[in-house]
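Examination of the molecular architecture
In case you want the letters, here they are:
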Amino acid sequence: MKSLESLDFDNDRALIRVDFNVPMSEGKVADDFRIQAALPSIKHCIDHGASVVLMSHLGRPGGVPSEDLSLMPVGETLCDHLEMSIKFSHDCVSDDAIDVSHELQAGEVHLLENLRFHTGETKNDHDFASRLAQHGTCFINDAFGTSHRAHASNVGVTDFLKNCTPGFLMSEEFKFLHSAVIRPKRPFTIVLGGTKIGTKLPLVTRFIREADNVFIGGGMAFTFLKMAGHKIGKSIYDDSLLQTAKQIVEMSKSLNCEFHLPSDIVVTEDISSGQDSAVRKVSEIDNNEIGVDIGPETIDQFCETINGSNTVIWNGPMGIFETKAYSGGTKAVAEALAQMTGRGGLSIIGGGDSASAVRELNLWSEMTHISTGGGASLELLAGRELPAMKALGMV
Ligand code: ADP
Ligand code: MG
């Protein structure tokens, strides 16, 4: 596989698939984290004499152009970051747009309008991909967030361009979510939480095989607690997954994996009150109570193991962290991770909500790696081959 550093740009037009799928508010970019994350690859190409054509999707326009989902405001934010003006085309595959790309001078940047204004993008349409490929002479994919889908801009285009490489962001995600997990420095611990138990189960099944410790907190824990025979009151759980939860716990017993559920829970009778009413042992939750966070005894147990680990993967908050009274578990886990990283351990964080929790706690720079991709990071962590990475020869 070629790397971005090894590409020798000689009058080349670097066609870069970036992930500019940013949150928007009133026609402006509300959070430019993803734009900033793409800058190293873009600047590398500019600094090494290439011109750059950027393509991305924004939202789900479903193949129909819509003003609300235009990438124009993203272009404005990008100009500020690059401290230069850029060219913008209103249709990513029009003759005019391709002409603009062909006339670019070294160092110039051309941003294409939302790829998903055409149905050909998500269908990985051959002709659409061939039109996109005409923008560049080489292809760089830095949009990790869409890697688990085979689309025209991340898989189709690679049929038409000879030099295809991952960008820096993509390589970084691969290094931590794939390579680091194959030969982890032990003890190796995974902490799972949040609510999306259905999508996270493949992770649990993989990690009870690979990890030394698996901790389940957050909303996910209640399906396991109910399966274990506890009353969980009105806490969130998934009835359809009780059997799977049972199999997981049984499987973990036959493997060398310590599988931990919370031993105590912060509960409330009314989430909207923003108040907690008690800390309960998991065997003592009342019928009208809702579990909203892990309790202090569980925090101690989780954090002690995190502190004694050398690799920790964390995905999903330990409670309804958006409410201050229910954020103690998430805060404690994030702080333990930061400490562990500080003494040389590896901390890898996936999941949009876990990432925002880390950011709110001002612990972002204390972690080894925080993934930018939701579904893609879960699938990579679960050991799947992602189509866009395959198309680049990374797997
Ligand atoms: P991530 O985005 O990090 O992968 P998820 O999307 O799976 O995480 O879950 C995040 C959500 O889970 C948060 O909005 C949080 O409020 C919620 N959550 C965590 N614990 C609980 C709980 N005990 N009950 C209900 N929701 C919870
Ligand atoms: Mg989420």
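Worth saying up front: this structure is predicted, and the values here are computed from it rather than measured.

**Here we look at the overall build of the protein chain**
Regarding its fold elements, the protein chain presents 13 helices and 17 strands. Taken against the 2.2 N^0.38 rule, which gives 21 Å for 395 residues, the C-alpha radius of gyration of the protein chain at 23 Å falls within 12% of a compact globule. Along the three orthogonal principal directions, the C-alpha set of the protein chain runs to about 70 × 45 × 35 Å. Residues counted as buried form 54% of the 395 residues belonging to the protein chain. Here the contacts in the protein chain between residues at least 6 apart in sequence split such that 74% fall between residues at least 24 apart.

**Considering the domain arrangement of the protein chain**
Interface size is commonly expressed as the accessible surface area that is lost when the partners come together. One can read the domain layout of the protein chain as domain 1 (4-169) and domain 2 (184-380). For domain 1 versus domain 2, the separation of C-alpha centres amounts to 36 Å. Here domain 1 and domain 2 share an interface that buries about 770 Å² over both sides, 65% of which is from carbon and sulfur atoms. It is Phe-33, Phe-144 and His-148 that lose the most area in domain 1 upon contact with domain 2, and together they represent 68% of the buried surface on that side. Summed over the shared surface of domain 1 and domain 2, the number is one salt bridge. Here Asp-31 and Arg-359 are joined by a salt bridge, their closest N and O atoms 3.3 Å apart. Counting the contacts that link domain 1 with domain 2 gives two residue pairs in polar contact (both at pLDDT 80 or more).

**A short note on the pairing of strand 10 (residues 213-216)**
Residues Asn-213 and Phe-215 point to one face of strand 10 and Val-214 and Ile-216 to the other, with burial holding for every one of them. The sheet contact formed by strand 9 (residues 188-192) and strand 10 spans four bridges and is parallel. Note on strand 10: the bridge partner recorded for Val-191 is Phe-215. Regarding the hand of the β-α-β motif, the stretch spanning strand 9, helix 6 (residues 197-210) and strand 10 is right-handed. Judged from the three bridges that link them, strand 10 and strand 11 (residues 258-260) form a sheet pairing that is parallel. Looking at strand 11, one finds that Asn-213 is bridged to Glu-258.

**Focus: the packing of helix 9 (residues 296-307) against helix 10 (residues 328-342)**
Two numbers describe how helix 9 lies on helix 10: the axes approach to 9 Å, and their chain directions differ by 15 degrees. Here helix 9 is positioned roughly parallel relative to helix 10, judged by the angle of their axes. The two elements helix 9 and helix 10 cross, and the hand of that crossing is right-handed. Packed against helix 9, whose contacting residues are Ile-299, Cys-303, Ile-306 and Asn-307, the element helix 10 presents Gly-328, Gly-329, Ala-332, Val-333, Ala-336, Leu-337, Gln-339 and Met-340 at the interface.

Rules used throughout
- Residues numbered from 1 in each chain as written.
- Chains lettered and ligands numbered in written order.
- Predicted model: local features only at pLDDT ≥ 70, side-chain atom pairs only at ≥ 80, totals over all residues.
- Heavy atoms only, no water.
- Helix = DSSP H or I, 4+ residues; strand = E, 2+ residues; numbered from the N terminus.
- Rg over C-alpha atoms; globule rule 2.2 N^0.38 Å.
- Buried < 20%, exposed > 50% of the residue type's maximum accessible area, 1.4 Å probe, protein only.
- Contact = heavy atoms within 4.5 Å.
- Domains from an automatic or database assignment.
- Buried area = accessible area lost by both parts, 1.4 Å probe.
- Salt bridge = Lys/Arg side-chain N within 4 Å of Asp/Glu carboxyl O.
- Polar contact = N/O pair within 3.5 Å; in protein donor to acceptor, adjacent residues only side chain to side chain.
- Pairing = 2+ DSSP bridges.
- Right-handed = clockwise from strand over helix to strand, strands pointing away.
- Axes fitted to C-alpha atoms, helices over the stretch in contact; angles between N-to-C directions.
- Parallel < 35°, antiparallel > 145°, perpendicular 65-115°, else oblique.
- Left-handed = near helix turned anticlockwise from the far one by under 90°.

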